[in-house]
Amino acid sequence: MNNRLLELQGVSKRYPATNEFPETEVLRDINFSMEAGESVAVVGPSGSGKSTLLNIIGTLDRPTEGRAFFDQNDLTTLNEQQLAQLRRQRIGWVFQMHHLLPHCTLLENVLVPVLSGKIEGRKEEPQARALRLLGRVGLSSRLNHRPGQLSGGERQRVAVVRALINEPALLLADEPTGALDRASAEKLADLLVELNREEGVALLVITHAMSLAARMSRVLELRDGTLVPASSLK
């Protein structure tokens, strides 16, 4: 049985020329796939196109050339409404900054994605899932606290739970430890790996942190617009 969740076939991305800049090719003929439940890290220097790649995978952007498939759906054939529905139901996002709502409690922040509508095939009731996951990340005693009352590491843990609330098949993490101190970053890395295993969610991490990348089952490097196996994690 095919367990492939995600596949890119010959994906390229170019930005057209402007009055100030020539045409820019960011991604070139990328072929990439992920299995359900797998964990993958993508590393590379700033400006190498990592966020562009993540945006294409996460349906926020479209390739200039090539095709992208998610759960055997050809993303290049879907309209914006269909892409938004797939994104809401099947993909969770964690960013470098937590983007929590400052006037909402921790629990309310986690439940924000639920407000956009019903998720088909849900296995858990949303509030029960929120309480379970918040307990899993050690925040059961902080449910009524607001983001300003939490540490940076705690806020990022809330952001991870929020990304998982709709039971996504894929969790995309864009520099999730980039704004954290070393101890908090290590704890968050541990958490992401454990949730990948426990929740069965595929995990794709964009990171400069080699210690985080090394915890993934595969590490790839974006170099000159193409994806290649990472040569070193030093």
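Rules of the game
- Residues numbered from 1 in each chain as written.
- Predicted model: local features only at pLDDT ≥ 70, side-chain atom pairs only at ≥ 80, totals over all residues.
- Heavy atoms only, no water.
- Helix = DSSP H or I, 4+ residues; strand = E, 2+ residues; numbered from the N terminus.
- Rg over C-alpha atoms; globule rule 2.2 N^0.38 Å.
- Buried < 20%, exposed > 50% of the residue type's maximum accessible area, 1.4 Å probe, protein only.
- Contact = heavy atoms within 4.5 Å.
- Axes fitted to C-alpha atoms, helices over the stretch in contact; angles between N-to-C directions.
- Parallel < 35°, antiparallel > 145°, perpendicular 65-115°, else oblique.
- Left-handed = near helix turned anticlockwise from the far one by under 90°.
- Nonpolar A, V, L, I, M, F, W, Y, C, P; charged D, E, K, R; others polar.

A few words now on the overall build of the protein chain. Helix and strand counts for the protein chain come out as seven helices and ten strands. Taken over C-alpha atoms, the radius of gyration comes to 18 Å for the protein chain, in line with the 17 Å a tight globule of 234 residues would show. Its C-alpha atoms put the protein chain at 50 × 45 × 40 Å along the principal axes. Relative to its full complement of 234 residues, the protein chain shows a buried share of 47%. Of the contacts formed within the protein chain by residues at least 6 apart in sequence, a portion of 71% connects residues at least 24 apart.

Here we take up the packing of helix H5 (residues 152-164) against helix H6 (residues 182-199). Each packed pair of helices is defined by two parameters, the angle between the axes and the distance between the axes. Put simply, H5 and H6 touch, their axes get as near as 10 Å, and they point 20° apart. Classified by the interaxial angle, the pair formed by H5 and H6 is roughly parallel. Where H5 crosses over H6, the handedness of that crossing is right-handed. On the side of H5, the interface is formed by Gly153, Gln156, Arg157, Val160 and Leu164, while H6 contributes Ser184, Leu188, Leu191, Leu192 and Leu195. Tallied by class, the residues present in the contact of H5 with H6 amount to six nonpolar, three polar and one charged.

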